[in-house]
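# Coordinate inspection notes
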Amino acid sequence: MEKRKDFASKMGMVLATAGSAVGLGNIWRFPVEAGNNGGAAFIIIYLLCVLTLGIPLIVAEFVVGRAAHTNTAQAYKRLTRNTFWQQTGRLGIITGWLIMGYYVVVSGWTLAYFLKALATPPTIAAHIAKQPGYWSDFFNELTSDALLPVLCVIAFALMSHFIIVRGVEKGIERFSKVMMPMLFILLIVLCICSFFTPGAKEGLTFLFRPDFSQVTFGTLLSALGQAFFSLSIGMGCLCTYASYFSRDTDLLGTALKVAGIDSLVAIMAGIIIFPAVFSVGIRPDAGASLVFIALPSVFQEAFGAFPWLAYAVSVMFYFLLLLATLTSLVSLHEVPTAFLAEDFRMKRRTATTIVTLSVIVIGTLCSLSMGPLADWKLFGKSIFDCLDWVSANVLLVVGGGLITFFVGWKMESKTLRDELTNYGNYPYHTRKWIIVLLRWFVPFVIFLIFLSGIGVL
Ligand code: TRP
């Protein structure tokens, strides 16, 4: 087996971990959730969830990963003899595999949209923007096609493959060090552009002036689910990355940085999207189609007087989405890769290839389930919907519950304490609150999310 390499620099480590968190969850899913749940009030609740639930869970995964210094499946075996708890890691690997299967499909769409934005000259784009229904037709044709989305799945899986195959330091870390700053620059440029759109005032008011009258129990649960997905919690992704952290990394500090960057990106995505949406009179709760159906013409209309600016903004936006998605997919890809490489003593290249091929197979099935295989149903849902539902609403939540319970109650308390304080370098009493949250608050809330996820609440 090849020697295990850690992240080489603190900066690279934080950027790679933030790269895992920042993805479709922030740019595609967050504005939709905020739009459906009344805007600013949702954001406040979401941020509270990140603080009280997200940060303790990130720390919990970090503790397991760094204490064990191995892939998720092995990690629990190293930390406990109890065979039930040893399965927590395996469950995470299965969840990761399934999430990747449908994540790569949406990733493929971002690639298709980026190429479309790049290849459509400004004059033609302006013409298209005048045709109502163009983008919904485009989206429906793209997703139900038998060939194009599958090609995009293959292309995306291969991009991730070539990053992962180079290893943790030379692949993931180097790539994140270039991509994440680029992503930030693009976000800032797009935020500035958004202030000059006609709907800026209305969009920003929607985003920042809370109206608590719309808040329901459902809003709370959506915010919690969103925090889970967006922070990459619940399947050992962060645990795997933490196994590459050095002994002097401050786990709580890193969790705060990652959660801070992730939330900032989500809010910036809102700043980009809502003013544009209001500029053209689309309802902010237009749903999952916001980014793929509403947005393409939004940029055109918002910057209609300057066709080249509209062109540049839309190309930049889809490039941004593509980058963010790729760094997240890479983190998902790493989990089963590390497992195969270490547990089955495979070469990293072989392990990566197996994961890539399996992702292409699952991704292809998922993609085809929106077109030629639309009749294949599992539990009454298409393969895509079924994977999405089972992994996000059931497996992630169950995984998160097991992780918090394991770290809060089952793990040796000395190991937990040592990891939290970096072997006494930080005073224990300033970190004890994390343990209190992990034992009492987080399991209770996760139980609620689970009940709502499976439709009981
Ligand atoms: N957090 C990523 C996003 O926002 C998606 C993701 C990557 C993820 N790794 C994960 C979600 C692990 C759940 C679990 O798009």
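For the structure given in this document, a descriptive report is provided here. Everything quoted here is computed from the prediction, not taken from an experiment.

Attention shifts here to the overall build of the protein chain. Along the protein chain, the regular secondary structure elements total 19 helices and zero strands. Along the first, second and third principal axes, the C-alpha set of the protein chain runs to 65 × 50 × 45 Å. With 457 residues in all, the protein chain has 61% of them scored as buried. Considering only contacts in the protein chain between residues 6 or more positions apart, those separated by 24 or more positions represent 83%.

Applying the stated rule across the entire model yields six salt bridges. Across the salt bridge formed by glutamate 419 and arginine 247, the nearest N and O atoms sit 3.2 Å from each other. Within this pair, whereas glutamate 419 is found in helix 18 (residues 413–421), its partner arginine 247 is found in the loop between helix 12 (237–242) and helix 13 (251–279), the two being separated by 172 residues in sequence. Taking the relative accessible area as the measure of exposure, glutamate 419 reaches 1% and is therefore buried. Two residues, aspartate 250 and arginine 431, come together in a salt bridge whose shortest N-O distance is 2.8 Å. With aspartate 250 in the loop between helix 12 and helix 13 and arginine 431 in the loop between helix 18 and helix 19 (432–453), this residue pair connects regions lying 181 residues apart in the sequence. Classification of aspartate 250 by relative accessible area gives buried; the value is 17%. Counted as one network, the salt bridges with shared partners bring together Arg66, Arg247 and Glu419.

The next thing to look at is the packing of helix 13 against helix 14 (residues 290–302). Relative orientation of the contacting elements helix 13 and helix 14 amounts to 70 degrees, with a least axis distance of 9 Å. In terms of their interaxial angle, helix 13 and helix 14 are classed as roughly perpendicular. You can see that helix 13 and helix 14 cross each other, and the crossing is left-handed. Across the interface between the two elements, Ile273, Ala276, Val277 and Ser279 from helix 13 touch Leu290, Val291, Leu295, Val298 and Ala302 from helix 14.

Turning to the environment of threonine 337, a few remarks are in order. Residue placement: threonine 337 occurs in helix 15 (residues 307–343). Exposure remark for threonine 337: the relative accessible area of 0% places this residue in the buried category. The spacing of threonine 337 and threonine 353 is 16 residues in sequence and 8.7 Å in space, taken between C-alpha atoms. Beyond its immediate chain neighbours, meaning those up to four positions away, threonine 337 contacts Ile164, Arg348, Ala351, Thr352 and Val355. A polar contact is formed between the side chain of threonine 337 and the backbone oxygen of histidine 333, at a distance of 2.6 Å.

Counting 162 residues, the largest nonpolar core has Phe7, Val291, Phe292, Leu295, Phe317, Tyr318 and Val407 as the members making the most contacts within it. Looking at this core element by element, the count peaks at 20 residues for helix 15. Apart from the residues within four sequence positions on either side, leucine 295 is in contact with Ile273, Val277, Leu290, Phe317 and Tyr318.

Following the criterion strictly, the structure yields zero disulfides and no others. Looking at cysteine 191, it has no disulfide partner, and the nearest cysteine sulfur is the one in cysteine 193, 9.3 Å off. Free cysteine cysteine 366: the closest other cysteine sulfur is in cysteine 386, separated by 9.2 Å. Among the residues examined, cysteine 366 registers a relative accessible area of 0% and is labelled buried.

What follows concerns the site of the ligand. The immediate surroundings of the ligand are formed by 17 residues, with Ala21, Leu24, Gly25, Tyr103 and Phe229 found nearest. One nitrogen or oxygen atom from the main chain of leucine 24 is found 3.0 Å from an oxygen atom belonging to the ligand. Glycine 25 places a polar main-chain atom, nitrogen or oxygen, 2.9 Å from an oxygen atom of the ligand. Taken by itself the ligand offers 370 Å² of open surface, and the protein chains cover 100% of this. Elements that contribute at least two residues to the shell around the ligand include exactly helix 1 (10–21), helix 2 (24–36), helix 11 (217–230) and helix 15.

What follows covers the packing of aromatic side chains. By the definition in use, this model includes 32 aromatic pairs. Between the aromatic rings of phenylalanine 139 and phenylalanine 292, the centroid separation amounts to 5.7 Å while the plane-to-plane angle is 15 degrees, which identifies the pairing as stacked. On the criterion of sequence distance, the pair formed by phenylalanine 139 in helix 7 (residues 134–144) and phenylalanine 292 in helix 14 is long-range, its members being 153 residues apart. Accessibility expressed as a relative area gives 14% for phenylalanine 139, which makes it buried.

Let us look at helix 10 (residues 200–208). All of the buried residues along helix 10 are Ala200, Gly203, Leu204, Phe206 and Leu207. Projected down its long axis, helix 10 carries its buried residues within an arc of 155 degrees, all on one side. Looking at the buried side of helix 10, the elements it contacts are helix 2, helix 3 (40–68), helix 9 (168–195) and helix 13.

Attention now moves to the side chain of lysine 116. Tracing the backbone through its elements, the reader meets lysine 116 in helix 5 (residues 83–119). One buried charged side chain, lysine 116, makes no salt bridge at all; its nearest oppositely charged neighbour is glutamate 141, positioned 8.7 Å away. Filtering out sequence-adjacent residues up to four positions away, lysine 116 remains in contact with Tyr134, Trp135 and Phe138.

This next bit is on a positive patch on the surface. A contiguous patch of positive charge, built from Lys5, Arg166, Lys170, Arg174 and Lys177, is present on the exposed surface. Here lysine 5 is to be found in the segment before helix 1.

Right, let's get into the packing of helix 9 against helix 13. The interhelical angle for the contact between helix 9 and helix 13, taken along N-to-C directions, is 35 degrees, at an axis separation of 8 Å. Remark: the crossing between helix 9 and helix 13 carries left-handed chirality. Of helix 13, the residues touching helix 9 (which contributes Phe184, Leu187, Ile188, Leu190, Cys191, Ser194 and Phe195) are Ile261, Leu264, Val265, Met268, Ile271, Ile272 and Pro275. Classifying every residue of the contact of helix 9 with helix 13 by side-chain character gives 13 nonpolar, one polar and no charged.

Reading guide: rules and limits
Residues numbered from 1 in each chain as written. Predicted model: local features only at pLDDT ≥ 70, side-chain atom pairs only at ≥ 80, totals over all residues. Heavy atoms only, no water. Helix = DSSP H or I, 4+ residues; strand = E, 2+ residues; numbered from the N terminus. Buried < 20%, exposed > 50% of the residue type's maximum accessible area, 1.4 Å probe, protein only. Contact = heavy atoms within 4.5 Å. Salt bridge = Lys/Arg side-chain N within 4 Å of Asp/Glu carboxyl O. Axes fitted to C-alpha atoms, helices over the stretch in contact; angles between N-to-C directions. Parallel < 35°, antiparallel > 145°, perpendicular 65-115°, else oblique. Left-handed = near helix turned anticlockwise from the far one by under 90°. Polar contact = N/O pair within 3.5 Å; in protein donor to acceptor, adjacent residues only side chain to side chain. Core = buried A, V, L, I, M, F, W, Y, C linked by side-chain atoms within 4.5 Å. Disulfide = S-S within 2.5 Å. Near = heavy atom within 4 Å. Areas by Shrake-Rupley, 256 points an atom, 1.4 Å probe, with all protein chains shown as cover. Phe/Tyr/Trp six-rings, centres within 6.5 Å; stacked < 30°, edge-to-face > 60°. Arc of directions from axis to C-beta. Lys, Arg positive; Asp, Glu negative; His and termini not counted. Patch = residues over 30% accessible without salt bridge, like charges linked within 9 Å, V, L, I, M, F, W, Y side chains within 5 Å. Charge placed at Lys NZ, Arg CZ, Asp CG, Glu CD. Nonpolar A, V, L, I, M, F, W, Y, C, P; charged D, E, K, R; others polar.

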